[in-house]
Amino acid sequence: MEEEVKETKPLNFLEKIIEDDLAAGRVPNNTIVTRFPPEPNGYLHIGHIKSICINFGLAEKYKGRCHLRLDDTNPAKEDMEYINSIKEDIKWLGFDWGKHEYYASDYYDQLYEIALDLIRKGKAYVDSLTPEEMKEYRGTLTEPGKNSPDRDRPIEENMDLFLRMKNGEFPEGKYTLRAKIDMASPNINLRDPALYRIKFAEHPRTGNKWCIYPMYDFTHPISDAIEGITHSICTLEFEDHRPAYDWATSIDNIDHTPHQYEFARLNINYCLMSKRKLLYLVNNKFVTGWDDPRMPTISGIRRRGYSPESMKDFISRVGVAKVEGVVDYSLMEFCVREDLNKRAKRLMAVLDPIKLIIDNYPEDKVEYFKAENNPEDPNSGTHDVAFTKELYIEKEDFMEIPVKGYHRLYPGNEIRLKYAYYVKATTVDKDENGNIVAVHCTYDPESRGGTTPDGRKVKGTSHWVSADHVLEAEVRQYDKLFKAENPGGATGNYLDDLNPDSLIVIPKAYIELEGKKSRPGEYLQFIRNGYYCVDNKDSTDDHMVFNRTVTLKDSWSKMKAKMGL
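Just so it is clear, the model here is predicted, and its values are computed rather than measured.

Reading guide: rules and limits
Residues numbered from 1 in each chain as written. Predicted model: local features only at pLDDT ≥ 70, side-chain atom pairs only at ≥ 80, totals over all residues. Heavy atoms only, no water. Helix = DSSP H or I, 4+ residues; strand = E, 2+ residues; numbered from the N terminus. Rg over C-alpha atoms; globule rule 2.2 N^0.38 Å. Buried < 20%, exposed > 50% of the residue type's maximum accessible area, 1.4 Å probe, protein only. Contact = heavy atoms within 4.5 Å. Areas by Shrake-Rupley, 256 points an atom, 1.4 Å probe, with all protein chains shown as cover. Lys, Arg positive; Asp, Glu negative; His and termini not counted. Charge placed at Lys NZ, Arg CZ, Asp CG, Glu CD. Axes fitted to C-alpha atoms, helices over the stretch in contact; angles between N-to-C directions. Parallel < 35°, antiparallel > 145°, perpendicular 65-115°, else oblique. Nonpolar A, V, L, I, M, F, W, Y, C, P; charged D, E, K, R; others polar. Phe/Tyr/Trp six-rings, centres within 6.5 Å; stacked < 30°, edge-to-face > 60°. Lys NZ or Arg CZ within 6 Å of the ring centre and 35° of its normal. Pairing = 2+ DSSP bridges. Expected span 1.5 Å × (residues − 1). Salt bridge = Lys/Arg side-chain N within 4 Å of Asp/Glu carboxyl O.

Participant: In this structure, what is going on with the overall build of the chain? I would like to understand it.
Facilitator: Helix and strand content of the chain: 13 helices and 25 strands. For a compact globule of 565 residues, the expected C-alpha radius of gyration is about 24 Å, and the chain comes in at 31 Å, more than 25% above that figure. With the C-alpha coordinates of the chain rotated into their principal frame, the extents come out at 100 × 70 × 40 Å. Burial statistics for the chain: of 565 residues in total, 53% are counted as buried. Contacts in the chain between residues at least 24 apart in sequence constitute 70% of all its contacts with a sequence separation of at least 6. Approximately 26800 Å² of the chain is accessible, and the part contributed by carbon and sulfur atoms is 47%. Side chains of the chain give 79 positive and 94 negative charges; the mean places of these two sets differ by 2 Å.

As structure tokens, then:
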């Protein structure tokens, strides 16, 4: 018998680097150490999921560890709210950093001592150029920069000024500590980069201990070195910063030398991946907050009902590459549908109701039918749904004058009510404006469960809820926040592309009573309407709110078919 050959997924370029390093003995203690280093100046967005999955995933695959390190070097924009949300988002995705929670501020004392040592050795100086002057002196991509007049300031004077900067004797912007590297370097990031700036702002963790704060390109690599990071993995926009990273990790007294590797960030059409722009939407009330279900934040998609498993599947399908690209929003929705289809509990809900009256059904009779919780999961069981004389169905399931090919309910036509009976429409009730307010029908008592003794078949099936045994709830129909694939691409202003129909509120929808048991975190499918969840913020026992996660329409598969994929 031939041995079964198992298909293995090809290694991505980061996995190849790690396996080569392990094989060559270049990894201390043979232990891979990665880190996820977000800046706590906003909530994490979908793009961060890729970095989280890569860094934690690689550590998990190679039995190493991944550190969570908050890059808290700009207290003017940071907040404990952001720190807490970041930790909650990572845990929601199923990752855990264990005891390895760190902050850039943990290393302020060490960074300060390293800066003093650089000054003593003539490798750093205090500069008085204004930001405008510094930009002018810096040069361009084609022209070298020129030395600051302060570049040859005596070491003793540099030391005195830096100590006075630390003591708060100068206003913000008066002085900057800069590394003395090479103003003619072809890489602008090596043209005497700033190491420290003056900033009077209370820090979330260190309070008012410091009024000078280290810059990212100085702090980040040294933090990696202190923590023993073996593979510093970041997005492509930091590729040009790699020489500055290597410079910082080659400073005297740095015992460990990590290496930086870059991958293509996650870009999705119809989405913004900028914390600055997302913050503007929040502050100016275009959305209800960072966790608005329309926002491309992790807290937003969690509130909308996305599952962590679906997002990890999405990231896996996108893959890891070195070339930037744009991923179709429909692929993300496809992954959400694929996952929720397997786990979502099925309920009948009528969002645009019209009353259906069964004239020949007993007035006070109540029957209960077994409804499947999830046909994809044979172990999910069933629940009871009440059936009475008066029901609600969707308005679109009745036409007084049907168009060609319409197989739902119309006068004289018979359909099946899901789980229940065959019914045939007879007459309608109208209001003074001629609008249909109720449809009358008769039912076949011998068609219980959808079969008849004579074996006749019907083409249409409608979902329904009992008018007397029903949950009245608010339903929020969410869609894309932006109507353009590239928000702001045509006009330069992303606000012009906000989708006016990104949220449609249905104040009173009718849901079978089983929906009353639903709680935030449970995945639901409203049959024929889409996937939904209980809102984790506004919903109460007295006023339940359901958010649409995603529609049932599988646009990604249709798109692939058109493309011949």
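Participant: How do you make sense of the packing of helix α2 (residues 46-61) against helix α11 (residues 308-318) when you look at a structure like this?
Facilitator: To characterise two packed helices, one gives the angle between the axes of the helices and the distance between these axes. Two elements in contact, α2 and α11, have axes whose closest approach is 10 Å; the angle formed by their N-to-C orientations is 75°. Here α2 lies roughly perpendicular to α11, going by the angle between them. Each of Ile-46, Ile-49, Lys-50 and Cys-53 in α2 lies in contact with α11, whose residues at this interface are Met-311, Lys-312, Ile-315 and Val-318. A class-by-class count of the residues in the contact of α2 with α11 yields 6 nonpolar, no polar and 2 charged.

Participant: I would appreciate a short explanation of the packing of aromatic side chains in the present structure.
Facilitator: Between two aromatic rings, the relevant description is the distance of the centres plus the angle of the planes. One pass over the structure, following the stated rule, counts 26 aromatic pairs. Between Phe-162 and Tyr-196, the aromatic rings sit 5.4 Å apart at their centres with planes inclined by 70°, giving edge-to-face as the arrangement. Placement of Phe-162 in helix α6 (residues 155-166) and of Tyr-196 in strand β6 (residues 194-198) is noted, with a sequence separation of 34 residues between them. Considered together, Phe-162 and Tyr-196 belong to a single accessibility category, that of buried residues. Summarising the aromatic geometry, the rings of Tyr-270 and Tyr-329 are spaced 6.4 Å apart at their centres and angled 80° between planes, so their arrangement reads as edge-to-face. One end of the pair, Tyr-270, is in the loop between β9 (259-263) and α9 (275-283); the other, Tyr-329, is in helix α12 (residues 329-343), and 59 residues separate them in sequence. An aromatic cluster is present here, built from Tyr-108, Tyr-112, Phe-162, Tyr-196, Trp-210, Tyr-213 and Phe-218 joined pairwise through their rings. The ring of Tyr-419 has Lys-418 lying over it, and the distance from NZ or CZ to the ring centre is 4.9 Å.

Participant: Could you clarify how one ought to interpret helix α8 (residues 242-249) in this entry?
Facilitator: Each α-helix winds once per 3.6 residues, and so residues spaced three or four apart point in a common direction. Along α8, the positions that sit buried rather than exposed are Ala-244, Tyr-245, Trp-247, Ala-248 and Thr-249. Residues of α8 that are buried sit in contact with α4 (108-120), β5 (176-179), β6, α7 (216-227), β8 (231-235) and β9.

Participant: What's the story with the sheet that holds strand β3 (residues 101-103) in this structure? I'm lost.
Facilitator: Two pairing modes exist for strands in a sheet, parallel and antiparallel, and in both the strands are linked by backbone hydrogen bonds. Reading across from one edge, β1-β2-β3 is the order of the 3 strands in this open sheet, with parallel pairing throughout. The open sheet has two edge strands with one neighbour each: β1 (33-36) and β3. On average, each strand axis in the sheet is inclined to that of its neighbour by 35°, with strand direction left out of account. In this structure, strand β2 (residues 65-70) lies alongside β3, joined through 3 bridges in parallel fashion.

Participant: Would you take a moment to explain α4 for this structure?
Facilitator: If you check α4, its first and last C-alpha atoms are 18 Å apart, about what 13 residues at 1.5 Å a residue would give, namely 18 Å. Residues of α4 that are buried include every one of Tyr-108, Leu-111, Tyr-112, Ile-114, Ala-115, Leu-116, Asp-117, Leu-118 and Ile-119, and no others. Gly-122 sits one or two residues past α4 and shows a positive phi near 75°.

Participant: Explain the pattern of salt bridges here, please?
Facilitator: Should the charged atoms of two oppositely charged side chains come close, the side chains can pair. The tally for this structure, following the rule as stated, stands at 51 salt bridges. Across the pair Asp-397 and Arg-408 runs a salt bridge whose closest N-O atoms are separated by 3.8 Å. Taken together, the residues Asp-397 in the loop between β15 (390-394) and β16 (414-417) and Arg-408 in the loop between β15 and β16 connect sequence positions 11 residues apart. Here the salt bridges do not stand alone but share partners, grouping Asp-291, Arg-303, Glu-474, Arg-476, Asp-535, Lys-537 and Asp-538 into one network.

Participant: Just to check I follow, could you spell out the sheet that holds strand β4 (residues 124-127) for this structure?
Facilitator: Taken together, the 4 strands give an open sheet; going across it, the order is β4-β5-β6-β7, and neighbouring strands pair in antiparallel fashion. Strands with a single pairing partner mark the edges of an open sheet, and in this sheet they are β4 and β7 (212-214). The average angle at which neighbouring strand axes cross in this sheet is 20°, direction not considered. Against the sheet, α6 makes contact with β4, β5, β6 and β7, and its axis sits at roughly 65° relative to β4, the strand it touches most.

Participant: Sorry if this is basic, but what is going on with the pairing of strand β24 (residues 530-534) here?
Facilitator: Each regular strand displays side chains that alternate between the two surfaces of the sheet. Most of β24 is tucked away: 5 of the 5 residues are buried. Here strand β23 (residues 524-526) pairs with β24 via 3 bridges, running antiparallel. Of the residues in β24, the one forming a bridge with Phe-526 is Gly-530. Connecting the antiparallel pair β23 and β24 is a turn made up of 3 residues, with Arg-528 showing a positive phi of about 70°. Relative to strand β25 (residues 545-550), β24 runs antiparallel, the two sharing 4 bridges. Along β25, the bridge assignment pairs Tyr-531 with Val-550.

Participant: Honestly, the environment of Val-439 in this entry has me stumped. Any pointers?
Facilitator: Positionally, Val-439 belongs in strand β18 (residues 436-443). Residue class for Val-439 comes out buried when judged on its relative accessible area of 0%. Taking C-alpha positions, Val-439 is 9.4 Å from Glu-400, a pair spaced 39 residues apart along the chain. With residues near it in sequence (within four places) discarded, Val-439 still touches Ile-354, Lys-355, Leu-356, Ile-357, Phe-398, Leu-409, Ala-425, Thr-427 and Val-428.

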